[in-house]
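Coordinate analysis (summary)
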Amino acid sequence: MASPSNPSNQEATVRRQNKGPPYKFLVPLIYAPVLPLIRLTLRKSPVLRDRLFTIVLAGAFIHGGYLVSDIYDAESK
């Protein structure tokens with residue numbers, strides 16, 4: 001039976017995690033065009049425009065904070 005500290009077992013675990021694109025890093029490609037579109041399409045209702053823009057921007061900052069904390073957490077392990 002292989003021990004948990006076996007290097008070949010750890011390499012196999014790392015390889016399994018890297019399958020597929022990293023979707024959490026691709027989310028800013030959605031936020032980038034959405035923010036200006038909110039400003040352009042909702043010109044006639046400034047209250048809704050500002051609220052929606054603020055909510056989407058706050059979500060982008062929360063997502064960025066999650067990514068940074070996740071990266072630092074992975075580096076510390």
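1. Comments concerning the environment of leucine 35
You can see leucine 35 is positioned in helix α3 (residues 28-41). Judged by its relative accessible area of 15%, leucine 35 falls in the buried class. C-alpha of leucine 35 to C-alpha of leucine 52: the two residues are 17 residues apart in sequence and 9.2 Å apart in space. Once residues within four sequence positions are removed from consideration, leucine 35 is found in contact with Phe53, Val56 and Leu57.

2. Quick notes on a nonpolar patch on the surface
Together, Tyr23, Leu26 and Leu29 line one region of the surface with nonpolar side chains, adding up to about 350 Å² of accessible area. Note on placement: leucine 26 falls in helix α2 (residues 23-26).

3. Observations concerning the nonpolar core
Counting five residues, the largest nonpolar core is built from Leu35, Ile38, Leu42, Phe53 and Val56. Looking at this core, the elements that each hand over two or more residues are α3 and α4 (46-76). Beyond its immediate chain neighbours, meaning those up to four positions away, phenylalanine 53 contacts Leu35, Ile38 and Arg39.

Analysis parameters
- Residues numbered from 1 in each chain as written.
- Predicted model: local features only at pLDDT ≥ 70, side-chain atom pairs only at ≥ 80, totals over all residues.
- Heavy atoms only, no water.
- Helix = DSSP H or I, 4+ residues; strand = E, 2+ residues; numbered from the N terminus.
- Buried < 20%, exposed > 50% of the residue type's maximum accessible area, 1.4 Å probe, protein only.
- Contact = heavy atoms within 4.5 Å.
- Patch = residues over 30% accessible without salt bridge, like charges linked within 9 Å, V, L, I, M, F, W, Y side chains within 5 Å.
- Areas by Shrake-Rupley, 256 points an atom, 1.4 Å probe, with all protein chains shown as cover.
- Salt bridge = Lys/Arg side-chain N within 4 Å of Asp/Glu carboxyl O.
- Core = buried A, V, L, I, M, F, W, Y, C linked by side-chain atoms within 4.5 Å.

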